[in-house]
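Chain and residue survey
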Amino acid sequence: MNAEQTPAPEAAEEPRPLRLTAAAVLAALEGLALTVGGAFVLVLGLTGDPDDRQQAVTGGVTLIVLALLPLLAARGLLGRRSWSRGPAVITQIMALPVAYNLVQADSMAIPGGIVLGVVAVTALVLLVNQETTRALGIRGPGSQAE
């Protein structure tokens, strides 16, 4: 297929809303944090002296794989793909209980939990915003096709 056969979406003619860009950046930061955290746990599990090496390696690999969801969502949001809002919202909803558990911990994890909670709530607000929804071409229930 060439450019003539694939018409550009009408929404692409308008500039990308700042809210959509901000939501994509927040999702990308979450994905990056998961990747870094997973790599850290993986390296520590392989080179350090963990209680259970297999569990540490599995945890690190799991975090790295989980990082794919927000990273793909961020890429989709930047490309104004309507499918990308679902994974981005799911990522934020999954982040809220993690943030809560980090805040409940009696350790240095409390500031991380606060930051994660603020990022997740902010991203959710940005993702369900009407301007973002319109830019992604998502119609609400009962909306008439144009």
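Whatever comes next refers back to the structure up there.
As a starting point, this report considers the structure included with it. Since this is a predicted model, take the numbers as computed values, not measurements.

**Things to note about the environment of Arg81**
- Structurally, the position occupied by Arg81 is in the loop between helix 3 (68-78) and helix 4 (85-104).
- For Arg81, a relative accessible area of 46% gives the class partly exposed.
- In sequence terms Arg81 and Leu136 are 55 residues apart; their C-alpha atoms lie 6.0 Å from each other.

**Some remarks on the nonpolar core**
- One finds Leu20, Ala23, Leu77, Ala88 and Leu127 to be the most contacted residues of the largest nonpolar core, which totals 14 residues.
- Elements that contribute at least two residues to this core include exactly helix 1 (18-47), helix 3, helix 4 and helix 5 (109-128).

**Observations concerning helix 1**
- The end-to-end C-alpha distance of helix 1 is 43 Å, a good match for the 44 Å that 30 residues give at a rise of 1.5 Å each.
- Among the residues making up helix 1, those that are buried are Leu20, Ala23, Ala24, Leu26, Ala27, Glu30, Gly31, Gly38 and Gly45.
- Buried residues along helix 1 sit in contact with helix 2 (53-66), helix 3, helix 4, helix 5 and helix 6 (130-135).

So, how was this worked out
Residues numbered from 1 in each chain as written. Predicted model: local features only at pLDDT ≥ 70, side-chain atom pairs only at ≥ 80, totals over all residues. Heavy atoms only, no water. Helix = DSSP H or I, 4+ residues; strand = E, 2+ residues; numbered from the N terminus. Buried < 20%, exposed > 50% of the residue type's maximum accessible area, 1.4 Å probe, protein only. Core = buried A, V, L, I, M, F, W, Y, C linked by side-chain atoms within 4.5 Å. Expected span 1.5 Å × (residues − 1). Contact = heavy atoms within 4.5 Å.

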